[in-house]
Structure formats: C-alpha cells, structure tokens
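# Chain and residue survey
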Amino acid sequence: MIKVGIIGATGYAGAEIVRLIQQHKDSEVVWFGSRSYVDKKYSDVFRNMFEIVDAKCLDDNMEELAEAVDVIFTATPQGLCGSLVNEDILKKVKIIDLSADFRIKDVVTYEKWYGIEHKSPRFIKEAVYGLCEINRDKVKGARLIANPGCYTTCSILSVYPMVKEGLINTKSIIVDAKSGTSGAGRGAKVPNLFCEVNENIKAYGVTTHRHTPEIEEQLGYAAGEEVLINFTPHLVPMQRGILVTAYADLKKKVTYEEVKAVYDKYYGEEYFIRVLNQDETPETRWVEGSNFVDINFKIDERTNRIIMMGALDNLIKGAAGQAVQNMNILFGLEEKEGLEQVPMFP
C-alpha cells in the first residue's frame, strides 16, 4: 500500500486528490497537510468526507512528512514547494508538485512570469513535466514530477499532434480558453465572489497569463523550434471545466481523414483522451468529474486554418487526476487505477 502525503489538502485540487485516493485500491492518504486547519478534523472542513476520513489536518513539515510517506503531493501556491524541497527529501520520497515551480525549464522565464525568486533552481532540470500521455516514459523512475497546469494540459493536448507532425505554422497559434471558477483556487478573492461571476464572462490575463510560457515551451519541444502563441483565458460562471479553442495556419492542404489519422496516431491507444467523431465538438459537461479529455478539430478550407478543440475537468485531468495518474506511472501501477470515474451528468 502506497502511503500518500498531501500538502495543501484543503484546497480544491488537494481535496480532489483525497477523494480520488479514497477510490484507489493501492494507496492511502496518511498525512492531510493544511496550514489553515491544523488539528481540525478533515471531515469538518469537507463534509463530503464525513465518516470516510477521520484524520485531523497536520502541518506542512516536509522533513517529517518525507519519513512517513512514499509520495508527497504539493497542491500549493507557487513558490512553496521550491522553498521546501532539498536533496535529503528527494532521497527519501517522490514528489508530485501541482504548482508551477518546476514546470518551466528556464528559471529566468519562471521568475519573469511569476514575479518571485525560485528557491531551488538546481532541481528544475531534473524535474519531469508530468503530461502523462506525452512524457510517460520520462515519468517512470523520476523523483520529482512537475504536474502540468489545467489550461496547459488542455491546450497542449489539443494542439500537440499537429505541432509534432509539422502541419501547422507554430508562429500562428491562437489559444482561446475558458475556465470555471474553481481554477482560481479556494482562497477568498473578490473577483470570484458569486455576484462578481454570475451572469458574466470576461477575459483576464490578456497577453500576461502565466500558463503562456509553459504551453510555448512544451509545444516547442514537440516542434523542435521556438513556438509563440497568443493565449487568452476567460472566466465563465461555472464551477468546473476548461474549454480550449485553438487556431493555426496550415502549412499545406489536408483532408479530414489525414488529420484524423494524425490524432489517432498519438491518441488512438490513450484511454483518457477521446478523439470525437467528425463534426462533434467537445463540451465541458461531458467530461465533468472525470479524468477524460475530449478533443476534436475542424478544417476551415476557406482560410486554410485548422481549429483544434479540447475539454477537460480542470480539477481532475487538469490537476488532481493527472497527479494520481503520474503516481500510478511512478509506482508501476495500472495507470487507470482510481481514475475510472464516468463523467457526471447532469
């Protein structure tokens, strides 16, 4: 039985890790870390865990935690994991970090976009970017996993096959993305209050959103060249879900069958990626509560562009589900273990 510790267990992503591990036959949470609720019963914080989890919340003592568990999930704001991790800890335990601390390989880029000093840049090169379907082989045997962001997971997976096969102009990519409010985390923020969000949709982080360099870097690895994108996220009045609509110029004329074959080449054997039937468009309601990503595309012959679309649950495949999927890969378990929930509807 794999012993799991979570730092940030009372945030939205941390709580989802707890929920998923409850349905995982090969692991158990033994450390519910939370600075805000130390010594408070976890089920008093999240009543859905009443008579399921009896433990109390503990602190974020990484040294003590590393002695008690096999894997640590850090579902925390940027900067915390980077300030806590060290060589002694990595010798004892595997870490799956849900923040951005180890996602971006260039520390200057990280510090520019996040506005903070990186506290442990020596581990950036070692950290594996945990986009499971693309970096599965690199995840195996790693000590430190950088769990991808929610926008980035949906954006990269939607566009990756076209970039990898060199079918689109990598300087022409535009990503329009929309997210539910849970993507902003559980902290109290005025822009996320019900009256601020309800009956409203808005763009934010225009030209400055922190997931931009992450998407560019990973697509750049796939393309073998620098990738520059326009990325514009939008906040929509729903709890969960991300919808990405990406646009790019095609380098040559292609047919539906040719592009479908490209997507099937990369995702045909992937359980959690569902390439939809022709003319079907991804919808967040059909992936809610699951680790699935629904993807499709449409060729615009008039403009010689392709529209690539994806939908996922930002708290599952965009965070906690992908983290558990990475844990399964790390420990040689069935990759789907604990993650076979059928999407919820309605």
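Residues numbered from 1 in each chain as written. Predicted model: local features only at pLDDT ≥ 70, side-chain atom pairs only at ≥ 80, totals over all residues. Heavy atoms only, no water.

### Comments concerning the overall build of the protein
For the protein, the count of helices and strands is twelve helices and 13 strands. For 346 residues, the compact-globule formula gives about 20 Å, and the C-alpha radius of gyration of the protein, at 20 Å, lands near that figure. On the principal axes, the C-alpha backbone points of the protein span a range of 60 × 45 × 40 Å. Here the protein, with 346 residues, has 55% of them falling under the buried criterion. Mean positive and mean negative side-chain charge positions of the protein (41 and 50 charges, respectively) differ by 2 Å. (Helix = DSSP H or I, 4+ residues; strand = E, 2+ residues; numbered from the N terminus. Rg over C-alpha atoms; globule rule 2.2 N^0.38 Å. Buried < 20%, exposed > 50% of the residue type's maximum accessible area, 1.4 Å probe, protein only. Lys, Arg positive; Asp, Glu negative; His and termini not counted. Charge placed at Lys NZ, Arg CZ, Asp CG, Glu CD.)

### As for the environment of Ile104
Within the fold, Ile104 resides in the loop between strand E4 (94–97) and helix H6 (107–114). Considered as a pair, Ile104 and Gln218 are 114 residues apart in the sequence and their alpha carbons are 8.9 Å apart. What Ile104 contacts, discounting residues up to four positions off in sequence, is Thr109, Tyr110, Tyr114, Ile124, Pro213, Glu214 and Glu217. (Contact = heavy atoms within 4.5 Å.)

### What about the sheet that holds strand E7 (residues 173–179)?
Here we have seven strands laid out as an open sheet, ordered E8-E9-E7-E10-E13-E12-E11, and mixed in their pairing. Only two strands of the sheet have a single neighbouring strand rather than two, namely strand E8 (202–203) and strand E11 (273–275). Sheet topology note: the E7/strand E9 (residues 229–235) ladder contains seven bridges and is parallel. Following the sheet pairing, Lys178 is matched in E9 by His234. (Pairing = 2+ DSSP bridges.)

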